[in-house]
Amino acid sequence: MTEPGGQIRNISNHFSNSFKTTKDERFRIGWLCTYTPEEIILSAGFTPTRILGEDRVNKAEGYFPINFCPYLKSSWESILNDINKLSAIVFANSCDGMRRAYDICKNYKPQTPSFMLDVPKINTGASLAHFSNNLSELAGFLEELKKSKIEFVTLKKSIELVNKKRTLLKKLNYYYSEFDGLVDDPDFFDILKLSMISEPEIFIQDLCAYLEKIAEESATIEIAGAGENNGFPPRIMIIGNFINESKLWESFKELNCKIAVTDLCNSSRYYEGLVEDKGNASKNNTIENLLVTVAARYLNKPQCMRMANLGIKLKEVQENITNNNIKGVIFFSMKFCDNTLLFYPLLRQHLGETGVQSLFLEIEHNNFSEGQVKTRIQAFLEIL
Amino acid sequence: MGFAENIKETIKIQIQKNLNRDYIEKILGIVGSWPVLPVYGMTFASKSDKYLNIATIKVIKKAYCKKYPVAYGSIFLPYELLHSLDLVPFLPEVMAGFTAGIGIADKTLKEASARWYTPDLCTFHRSASGAVELNLFPLPQFLICSSLACDAAQKTFYIDAKKYNIEDNFYLIDVPYKKTTDSIKYLASQLEDISASISKKMGKKVDIGKFKNTIRLSNEFRYWAAKVNDIRKELLIYPKNFNGLSFILPFHALAGTKDAVVIYKNIYFELKDFLEIQKGSSGNKKSGSNIKIKQDIGKTKRILWLHLKPYYKNNIFEILESNNYRVVFEEISQVYWPELDEEKPFESLALKMLSHPLNGSVENRMAAILEMVRNYRIDGVILFSHWGCRHSNGSARIIKDTLKNNNVSTLILDGDCLNKNNSSEGQILTRLQGFMEIINSKQS
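Every chain begins its residue count from 1, and numbering advances along the sequence as written. Each chain gets a letter, beginning with A, and each ligand a number, beginning with 1, in the order they are written. At least 70 in pLDDT is required for a residue's local features to be given in this predicted model, at least 80 for side-chain atom pairs to be given and counted, and no such filter applies to totals for whole chains, interfaces and linings, which use all residues.

So, about the overall build of chain A. Numbering of helices and strands runs from the N terminus; a helix is a DSSP stretch of H or I covering at least four residues, while a strand is a stretch of E covering at least two. Scanning chain A from N- to C-terminus turns up 15 helices and eight strands. Here chain A has a C-alpha radius of gyration of 20 Å; the compact-globule value for 384 residues is 21 Å, and the two agree. Here the C-beta atoms are placed from the backbone, and a residue counts as buried if at least 20 other C-beta atoms lie within 10 Å of its own, exposed if 12 or fewer do, and partly exposed otherwise. Looking at the 384 residues of chain A, the share that counts as buried comes to 52%. For a compact globule the rule gives 2.2 Å times the number of residues to the power 0.38, and the radius of gyration it is set against comes from C-alpha atoms.

If you want it as structure tokens, here you go:
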């Protein structure tokens, strides 16, 4: 695997192995939404790799209207350019844009098989059963592609592997959010990016070594913590959709604040929450039972704004604010993301009632206006 | 402007000046009363419009009068369910169309902007949200929406529920992506649960007898709607001001009521008269009196309209008709669902929802479009590309290319259904003219 766009240079010393490809490059499955179960892709013998949408839109412009998700347009550009050389792509029924992106891919890139994973918008017993069936369908698609069946043991191991990755990323987040200056903002997000595109076994090894190193360094640094600020910069929460702008994170290095909580498609909504076997799967040794545990993890993880009950999302946000002594919330959204943009009026009202300041920033994907955004954040931090 | 038009214009202006829920209720109370309502109905040139407007006023008045439990519903709900529960439906998205029609969309959109709804969002939902914030809509007891066909309604409905402090009475029907045995079961169970939950909150049990009757009425409405659609396969001359895109409310929200049956039965017989005139076989001189058959019907170009239309005053359809182009059908009027089974009401309604062409892959929509192109002998298709409607506009490329492969020209007409400031009349005229030239040259 080549180093993506030269944008992850700072951590490459610690994660040099993660940039390498050891597995057959022919068996890579692209995915776009965090509701896509990597563990099932792995168990089928494929390497899951997130399509990051880092290509400048050129050919893709003609396929979608102007006011359409820029992440999906960029992703389609990558797909058209065969950048990742994928065996197949798994889409999730996360939003209107994703449904249309799947249609476009199926129509205009039929040589790359694509699969639409239907993800429920509600979290009930019935939706869990329905989602488990859909995961079974995904498994069938991958088996057909690889011409081999997924075994119970393989799926169980894949679940354990991805769970381990999640646990380590959560630990990384602890060091990032609790220790001032221990993990840089750009490094944190670069490592997260790498976690979504590299082979998990290798990435886990690199991340373990990295965490050991920063654990040693942490012994000498005071915890910024969730207690009183006492001279520490104000703790802020970032919430939004897929915010993959290196320049933005570079900007934060120079700002007087501490990002204590991140609630993005490329942060906590990716790694929070484990697949938990309540005991039944082990006892019954069936793939169907394992798929139910996988389905449960995805339906119960920190919610994307696509889910129906925004009340639950507000509750999540409030808990994060309370538990992490958050002074202000910065709401980032790519343009034209209806699910995210329609959450903001509700969030703003709620935050207003609880006395927490918020800043709304709509940003252009792959066309980041560094100066403007930095100025607005600085002004916001001054209010805090 | 005639006397009736003057009255309607005066009512519009008064609503604009007295923008509050109570005033709207007062106006509806007057217009919707007897004998005013039947007289109001008589001001319309055609029977179709008359019954449409009478039924519309009736249901909206019922929603405002505070005597009945009201449920906000998104457009593609199975309204048979609501009628069986004696809930009065109120459709914010459809009412948003009315805000444009009565000239208050500027105010509702401005209010939405002030409440942090970005201008990139669909104006149907923005205007509806603005109207809710301005306290223009009746107070609901329930809010029910489905994930069919777009994301926006699900969010705005929840926000409305929070504003009214009835989050526990917000229901989202999660419509699966594909139509399978499992998905029908999943969806049917949701409908049954919602029905039980609402009944419990209303202090009563689900009345299966009433439900069956609602299903029967829905089937009867479906029968007449299908007959109307059949007539339209041949019809090229229509009653004055007839536009199939104006019948969204009865077609969707009144399914399962006697009113829907009455409307579509009357439309059918009226259009049947026009068809007879068109064929030159009718001796009905009275219905001929309003018709000026100037065009050469044999050369009339047949247009299929996709998505919706601008609901403010515009001249799109005049331009088409003056050039001998006729919108002979629109996708919103397609009878896309099979007859409902009153013995399995929840499963039938689940199947109805899953059969909608806008659900799931664009392949479903495309199959429906191609069927309409065949059935209505379409010369050209116009897809109105409403600003912010990503689920529809995201399909534009596929629709255009597929129709091209079937030798049908497509015009993607950029505009805004509600916000006339976001639509360029000049540009629309130019695009229409270009489109008509292409079709004319193809034909010659």
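There is more to say, and it comes next.
Along the backbone of chain B there are 20 helices and eight strands. In terms of overall size, chain B behaves like a compact globule, its C-alpha atoms giving a radius of gyration of 21 Å where 444 residues would be expected to give roughly 22 Å. Each principal axis of the C-alpha atoms in chain B carries an extent, and together these give about 65 × 55 × 50 Å. Residue burial in chain B is summarised as follows: out of 444 residues, 48% are buried. By definition, residue pairs are in contact when their C-beta atoms, positioned from the backbone, come within 7 Å. For chain B, restricting intrachain contacts to residue pairs at least 6 apart in sequence, the fraction spanning at least 24 positions comes to 75%.

Residues and elements named next belong to chain A. Strands pair, by our definition, only if DSSP identifies at least two bridges between them. Taken together, four strands build an open sheet; the order of strands is E6-E5-E7-E8 and the sheet is parallel. Strand pairing shows two members of the sheet lacking a second neighbour, strand E6 (258-263) and strand E8 (357-363), which therefore form its edges. Strand-to-strand, the axes of this sheet are offset by a mean angle of 25 degrees, without reference to chain direction. The pairing of strand E5 (residues 235-240) with E6 spans five bridges and is parallel. Pairing of isoleucine 238 across the sheet is with threonine 262, part of E6. Contacts from helix H14 (residues 344-354) reach strand E7 (328-334) and E8, with the element oriented near 160 degrees to E8. Fitted lines through C-alpha atoms serve as axes, helices being fitted only where they are in contact, and the angles separating the N-to-C directions of these axes extend from 0 to 180 degrees.

One frequent convention defines the size of an interface as the accessible area lost when the parts assemble. Contact with chain A, which involves 39 residues of that partner, is made by 39 residues of chain B. Elements with a minimum of two residues in the side of chain A that touches chain B: helix H3 (96-108), helix H4 (125-146), helix H12 (310-323), helix H13 (338-341), H14 and E8 of chain A. In terms of residues, the side of chain A that touches chain B owes the most to one element, H3 of chain A, which gives seven residues. A class-by-class count of the residues in the side of chain A that touches chain B yields 20 nonpolar, nine polar and ten charged. Ten residue types, Ala, Val, Leu, Ile, Met, Phe, Trp, Tyr, Cys and Pro, are classed as nonpolar, four, Asp, Glu, Lys and Arg, as charged, and the remainder, Gly among them, as polar.

Residue and element names in this part refer to chain A. If you walk across this open sheet you meet the four strands as E2-E1-E3-E4, and the pairing is parallel. Among the strands making up the open sheet, the edge pair consists of strand E2 (47-50) and strand E4 (114-117). Each strand axis lies, on average, 25 degrees off the axis of its neighbour in the sheet, ignoring direction. Of the strand pairs in this sheet, strand E1 (residues 28-31) and strand E3 (residues 88-92) are connected by three bridges, and their pairing is parallel.

Residue and element names in this part refer to chain A. Taking burial as the measure, the seven residues of E7 include seven buried ones, the bulk of the element. Residues Gly328, Ile330, Phe332 and Met334 point to one face of E7 and Val329, Phe331 and Ser333 to the other, with burial holding for every one of them. When E5 meets E7, the two strands line up parallel, connected through five bridges. Bridge assignment links isoleucine 236 to a residue of E7, and that residue is glycine 328.

Glancing now at helix H10 (residues 181-201) of chain B. Expected span, for any helix, means 1.5 Å times one less than how many residues it has. A rise of 1.5 Å per residue sets the reference length of H10 of chain B, with its 21 residues, at 30 Å; its end C-alpha atoms lie 30 Å apart and thus fit the reference within 8%. Tucked inside the fold, the buried residues of H10 of chain B contact H4 of chain A together with helix H5 (79-84), strand E3 (142-146), strand E4 (170-173) and helix H16 (345-354) of chain B. Glycine 203 of chain B sits one or two residues past H10 of chain B and shows a positive phi near 75 degrees.

Turning to helix H8 (residues 123-133) of chain B, a few remarks are in order. Residues and elements named next belong to chain B. With ten of eleven residues buried, H8 is to be regarded as a mostly interior element. Among the residues of H8, those classed as buried are Thr123, Phe124, His125, Arg126, Ser127, Ala128, Ser129, Gly130, Ala131 and Val132. Where H8 is buried, its residues meet helix H6 (92-101), helix H7 (105-114) and helix H9 (152-163). The first or second residue beyond H8 is asparagine 135, which carries a positive phi of 60 degrees.

The subject of this paragraph is the pairing of strand E5 (residues 301-306) of chain B. Residue and element names in this part refer to chain B. Sheet topology places E5 next to strand E6 (residues 325-330); five bridges connect them, and they run parallel. Looking at E6, one finds that leucine 304 is bridged to phenylalanine 329. Seen with its strands pointing away from the viewer, a crossover is right-handed if its path from the first strand over the helix to the second goes clockwise. In the classification by handedness, the crossover that spans E5, the intervening helix H15 (residues 316-322) and the parallel E6 is right-handed. Inspection of the sheet shows E5 paired to strand E7 (residues 380-386) by four bridges, in the parallel sense. In the sheet register, isoleucine 303 faces E7, and the bridge partner there is glycine 380.

This part covers the packing of helix H5 (residues 152-178) of chain A against helix H7 (residues 200-218) of chain A. Residues and elements named next belong to chain A. Contact pair H5 / H7: the axes reach a minimum separation of 10 Å and the direction vectors enclose 25 degrees. The angle between the axes of H5 and H7 places the two elements in the roughly parallel class. In this structure, H5 meets H7 at a crossing whose hand is left-handed. Residue-level inspection shows Leu161, Val162, Lys164, Lys165, Leu168, Lys171, Leu172 and Tyr175 of H5 in contact with H7, the latter providing Pro200, Glu201, Phe203, Ile204, Leu207, Cys208, Leu211, Ile214 and Ser218. Residues that form the contact of H5 with H7 fall into these classes: twelve nonpolar, one polar and four charged. Convention used here: angles under 35 degrees read as roughly parallel, angles over 145 as roughly antiparallel, angles from 65 to 115 as roughly perpendicular, and any remaining angle as oblique. Handedness of a crossing is defined here by the sense of rotation of the near helix relative to the far one, left-handed for an anticlockwise turn of less than a right angle and right-handed for a clockwise turn.

Moving on to the environment of phenylalanine 360 of chain A. Structurally, phenylalanine 360 of chain A is set in strand E8. With 15 residues separating them along the chain, phenylalanine 360 of chain A and proline 345 of chain A place their C-alpha atoms 10 Å apart. If sequence neighbours within four positions are ignored, phenylalanine 360 of chain A has contacts with Phe331 and Tyr344 of chain A together with Trp116 of chain B.

Here we take up unusual backbone geometry. Residue and element names in this part refer to chain B. Residues tryptophan 34 and proline 35 are joined by a peptide bond in cis, for which omega reads 5 degrees. Looking at where proline 35 falls in the secondary structure, it is placed in the loop between helix H2 (21-31) and helix H3 (36-42). Backbone torsion omega between leucine 148 and alanine 149 reads 5 degrees, so that peptide bond is classified as cis. Mapped onto the secondary structure, alanine 149 falls in the loop between E3 and H9. For asparagine 241, which is not a glycine, the phi torsion comes out positive at approximately 70 degrees. Within the element layout of this structure, asparagine 241 appears in the loop between helix H11 (208-231) and helix H12 (248-253). Look at histidine 307: it is not a glycine, yet its phi comes out positive at around 70 degrees.

One rule of thumb: low pLDDT means the predicted coordinates there are not for detailed reading. Residue and element names in this part refer to chain B. Looking at chain B as a whole, the pLDDT averages 93, with 96% of positions reaching at least 70. pLDDT runs from 0 to 100 and stands for how confident the predictor is about each residue. Every residue in residues 282-290 scores below 50 in pLDDT, and together they form ten contacts with partners more than four places removed in sequence or on other chains. Under the prediction, the complex receives an ipTM of 0.94, its pTM being 0.94.

All names here are of chain B. Closest axis-to-axis distance for the helix H17 (residues 362-375)/helix H19 (residues 396-405) pair is 11 Å, and the angle between their directions is 40 degrees. Between H17 and H19, the crossing angle belongs to the class labelled oblique. Relative to H19, the crossing made by H17 is right-handed. Contact residues: Val362, Met366 and Ile369 in H17; Ile398, Ile399 and Thr402 in H19.

Residues and elements named next belong to chain B. On the secondary structure map, lysine 163 appears in helix H9. Residue class for lysine 163 comes out partly exposed when judged on the 16 C-beta atoms lying within 10 Å of it. Separated by 31 residues in sequence, lysine 163 and valine 132 have C-alpha atoms that sit 8.7 Å apart.

For chain A, per-residue confidence averages 92 on the pLDDT scale, and residues scoring 70 or more make up 93% of the total. Low pLDDT, under 50, characterises residues 1-9 of chain A; the predicted model gives this stretch 13 contacts beyond four residues in sequence or across chains.

All right, on to the environment of isoleucine 248 of chain B then. Within the secondary structure, isoleucine 248 of chain B sits in helix H12. As for isoleucine 248 of chain B and isoleucine 332 of chain B, which are separated by 84 residues in sequence, their C-alpha atoms are 7.3 Å apart.

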